[in-house]
Structures are given as C-alpha cells and as structure tokens.
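This is what each chain is made of:
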Amino acid sequence: MPIAGGMTPMAARIGQDRERKLALARTAARGIARGEFLFLDSGSTNLALAEVLPDDFDLTVATNAIDIAATVLHRQDLQLIMIGGSVHPAVGGCVDADALMQVQRLNIDRCFIGACAVSAQGGISAVDPTDAAFKRTLLSLSRVSVAMVTNEKLETRAPHRIAGAKTISQLTVEHDAPAARLALLKRAGAAIMTAAPPV
C-alpha cells in the first residue's frame, strides 16, 4: 500500500482541485440537519464545506482551523466557536494540548474530520501524531462523523492511525473514485456515499 505524501502546508492546498472538493462538500452537506452543532476539522476539503453550508439552518460551527473560521465568520447566519492554541503550519490549525483541552468540553452533533490517508486495512490515518490525537478525540465526542476523501488518499497509509474505516459514519468519495478501492473499503465495513461530478 502506498504511503501518503508528507504534509503540504494548508496555505498551499487551498486552491488545489477546488471544484472536486466543492463537489464532495456539497454532497456531504446534504446530511446536515437544522440546529446541529458541527465541528469542521482543519483541511482544504473542509474549507470547501464551510463555503457551502446550508443557509439559515441555525447552525453552530466549531473549528480549529484559521481559514475555516475566517470563512464562517463572513456568514451572518452561523455561530462560530474557534478552538485556539499554537497553530501547526502544515495542519493549518490548532492541535496542541490547549486545543485538545478545549475540544473535550464540546458535545458535537456532526464532525467533519480531515484524513491524510484512508484504506480498508489501515483505516483513517494522519501524518502528524499530534494531529492524529486531536482527531481521535474529535471522533470520541461526535454523534456522527464524516470524512470527505479525494481519490489520491484512497488505499494509502500514513503513520498514525485515527480509526478503522467502519468507525466513520460516512466516507464521502469522488464521483470517479476507483471501484476496486471502494470495494475493499466496503468489505471492511465502511459506509460510502459517492459525490456528484464537479460542476
């Protein structure tokens, strides 16, 4: 199984494959219910989600990511909670001990978790150990968990395991995700939703 590439800084990922990430985000956003308390983990695909959250749904959005917080702040219909601490430049957000302590006080309805790699055998994994620990805590505090996964992350592995593939409530994948890779994930118990093609 290929090893996921090293962490590219968040600032460099923001413009990459924008339409594909927006397609994933629009599909994942369909599951959001009125009045939910959402957590948007750091990541460029979750940044795309912040742009397409449904209007006037009485949503509260917590995030540890600076760019996501800035996007949410521009929306008058969203309540924002910023999880702070020391900013990890590659992660694009706060994942240190302070951030971990703050997030443990939350009861999250729906968490959108970032993933560096996803596979049937290795589950959801991350490159950075501190980031992985933060994501594990997020999952433990969330009623529903969603991971939006671009094609290059499928059937790759990263050093730090977050959770098994079947632990995530929903994996949202691209419209042209390789069928053989999806079959492996389904056999591992993953719940998969396929996004519409990019506009």
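Residues numbered from 1 in each chain as written. Predicted model: local features only at pLDDT ≥ 70, side-chain atom pairs only at ≥ 80, totals over all residues. Heavy atoms only, no water.

Brief notes about helix α2 (residues 18-29)
Taking 1.5 Å of rise per residue, 12 residues should cover 16 Å, and α2 covers 16 Å from first to last C-alpha, within 8% of that figure. Restricting attention to buried positions, one finds in α2 the residues Lys 21, Leu 22, Ala 23, Leu 24, Ala 25, Thr 27, Ala 28 and Ala 29. (Helix = DSSP H or I, 4+ residues; strand = E, 2+ residues; numbered from the N terminus. Expected span 1.5 Å × (residues − 1). Buried < 20%, exposed > 50% of the residue type's maximum accessible area, 1.4 Å probe, protein only.)

Some points on the sheet that holds strand β7 (residues 117-119)
Spatially, the three strands line up as an open sheet ordered β7-β8-β10, and their pairing is antiparallel. Of all the strands in the sheet, just β7 and β10 (160-163) have a single pairing partner and so form its edges. Strand-to-strand twist of the sheet, defined as the mean angle between neighbouring strand axes without regard to direction, takes the value 35 degrees. Each of β8 (123-126) and β10 touches helix α6 (residues 129-141); the most contacted strand, β10, lies at about 10 degrees to it. (Pairing = 2+ DSSP bridges. Axes fitted to C-alpha atoms, helices over the stretch in contact; angles between N-to-C directions. Contact = heavy atoms within 4.5 Å.)

Brief notes about the packing of helix α3 (residues 44-52) against helix α4 (residues 66-73)
At a closest axis distance of 9 Å, the pairing of α3 and α4 adopts a crossing angle of 5 degrees. Relative to α4, the element α3 lies roughly parallel. Between α3 and α4, the residues in contact are Asn 46, Leu 47, Ala 50 and Glu 51 and Asp 67, Ile 68, Thr 71 and Val 72, respectively. (Parallel < 35°, antiparallel > 145°, perpendicular 65-115°, else oblique.)

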